[in-house]
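The residues making up each chain are set out below.
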Amino acid sequence: QTDEINLRKLVEPLIERKWFIFGFTGFVALLAIVYVLSLPPSPFIVKTTFLKPDKSSVLHLNKMNYLNETMESLHSSFLANLNKKTFQRKVFIEGDYLTKLNKKNKPIDDVDGYINGFLASISIELGETSISGAGSSFEAPCSVSIQVAGTKTSVAAEFLDDLIAQTNNKTVSEYIHLINQMIAARLAEISLDRKLLILHKKNARLSKIDELTNSATIARSLGVIKNNFDQDSINSSSTINVGDRLTHPDWYLYGETALLKRVEILKNVNDEEEFPEIDRLDIEKIRLESFNIEQDGINAMQLNQTAFASQISYDNKLILVLAIFGGFMLSIFLALMMNLFKEDEA
C-alpha cells in the first residue's frame, strides 16, 4: 500500500503549474500555426493511366511467325522504354518543353539540373490484376505521374501525353524493325539457297553432257551410229532386250545420233525450270516481299486516361491538432519533471 501512486499528489503539481502547461501548449500551437502558414502552395500531380495492349496488336505482330510476343512482353517493352531517362530527356528537348515551362524566359543557371529535376519527378506505378466477383477479373491500369508546382500543370500534362505517345511509337517501331530484319535475313537465305540449287542442277547437267559426249565419241569410233533397237535387225546377234539395259553402256544402246541429240537438248535446258524446290523458294520470296506491316493499329498499350492534374492538399487541421496534443502532453511531462526535481531539492 505504501507503493501505491497517490493520484492527488500527481494532480496537485499539475494544477500548480497549469499556467505553464497552458502557456507551453499555446506556444507549440503558435509554432504550428506559423509552420502551416509558411507552407508553400500545395503542389499538383499530373497523371495519366494506361492498360496492357489489346490482343489484336499482339496477333498482328506475330502473324508472320517471326515473333512470339504476348500482351505482357509487349507491355514490358513499353514500360522499359518509358522508364529510360535518356528517352524522356529526348522527348523533353525535342518538344521544347524548357521554353514552355519558362514562358517568362527567366535566366536558368543550371539548365541540365532543371531538366533532370523535372524528369526526376516522374514516377511509374504498375497496376495489378484485381479480382471482382466470382470468376471475373479486371486489369488495374498502370499510371505515370509528374509532381509539379504552380500553374505549370498544362505543360506537364502535354509532356506526359507526348511521352506516352512517343514511347508507344518507339516500342512498336522497334518490333517492326526487328521483323523487317528477320524478313531481310530470310530473303538473303532464299537467294543463297536458290543459287546453290541452280548451281547444283547446272553442275549435274554439265556432268551429264560430258558423259553423253564421251559415249557418243565411243559410239562413233565403234561404228554404232543408230540405236541398238532397230527392228530390221531383230534377228541380229547384236539385238538386246530392254530388260538387259543395265548390262550395256549408253553408246551401245543408243548410238551416236541419239546421244548427240540428248546432248543438244541438255545444252538448251533452263536450270530454273521444272524445279519444285526453286518454285517453293520463289513462292516464299514473293510472299515475304509482299508483306508490309503497318504501325497503325498496333499499340504497346491502351490509353486509359489522358493526362489530368490534381492538387495535393495539406491537412492543416490535422497538423494543428497533432501539434496541440503533442504540446499538451509534453507540457504535462515537463511539469511532472519539474515537481520531481523540486522534491529532490527539498
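See the structure printed just above.
Residues numbered from 1 in each chain as written. Predicted model: local features only at pLDDT ≥ 70, side-chain atom pairs only at ≥ 80, totals over all residues. Heavy atoms only, no water.

To continue, consider the overall build of the protein. A tally of regular secondary structure across the protein gives eleven helices and six strands. The buried share of the protein, reckoned over its 346 residues, is 30%. Long-range contacts, defined as pairs at least 24 residues apart, comprise 81% of the intrachain contacts of the protein with a sequence gap of at least 6. If you sum the accessible surface of the protein, you get close to 22,600 Å²; carbon and sulfur atoms cover 58% of it. (Helix = DSSP H or I, 4+ residues; strand = E, 2+ residues; numbered from the N terminus. Buried < 20%, exposed > 50% of the residue type's maximum accessible area, 1.4 Å probe, protein only. Contact = heavy atoms within 4.5 Å. Areas by Shrake-Rupley, 256 points an atom, 1.4 Å probe, with all protein chains shown as cover.)

Residues spaced three or four apart along an α-helix face the same direction, because each turn holds 3.6 residues. Over its 69 residues, helix α8 (residues 153–221) runs 101 Å from end to end, which matches the ideal 102 Å to within 8%, given 1.5 Å per residue. Phi turns positive one or two residues past the end of α8, at G223, with a value near 80 degrees. (Expected span 1.5 Å × (residues − 1).)

On to the pattern of salt bridges, then. Taken as a whole and assessed by the stated rule, the structure comprises eleven salt bridges. With a closest N to O distance of 2.7 Å, E158 and K100 form a salt bridge. Highlighted residues: E158 in helix α8 and K100 in helix α6 (residues 97–101), separated in sequence by 58 residues. Across the salt bridge formed by E189 and R186, the nearest N and O atoms sit 2.9 Å from each other. In this pair, E189 and R186 are both assigned in helix α8, three residues apart and thus about one turn of the helix distant. One connected set of salt bridges, linked through shared partners, spans R186, E189 and E284. (Salt bridge = Lys/Arg side-chain N within 4 Å of Asp/Glu carboxyl O.)

This paragraph deals with the packing of α8 against helix α10 (residues 276–290). Two numbers describe how α8 lies on α10: the axes approach to 10 Å, and their chain directions differ by 160 degrees. Classified by the angle between their axes, α8 and α10 sit roughly antiparallel to one another. Handedness of the crossing formed by α8 with α10: left-handed. Facing I183, R186, L187, I190, D193, R194, L197 and I198 of α8, the residues of α10 in contact are E277, I278, L281, D282, E284, K285, L288 and E289. Residue classes in the contact of α8 with α10 are distributed as eight nonpolar, no polar and eight charged. (Axes fitted to C-alpha atoms, helices over the stretch in contact; angles between N-to-C directions. Parallel < 35°, antiparallel > 145°, perpendicular 65-115°, else oblique. Left-handed = near helix turned anticlockwise from the far one by under 90°. Nonpolar A, V, L, I, M, F, W, Y, C, P; charged D, E, K, R; others polar.)

It is worth spelling out unusual backbone geometry at this point. For D96, which is not glycine, the phi dihedral falls at a positive 55 degrees. Mapping D96 onto the fold places it in the loop between α5 (85–94) and α6.

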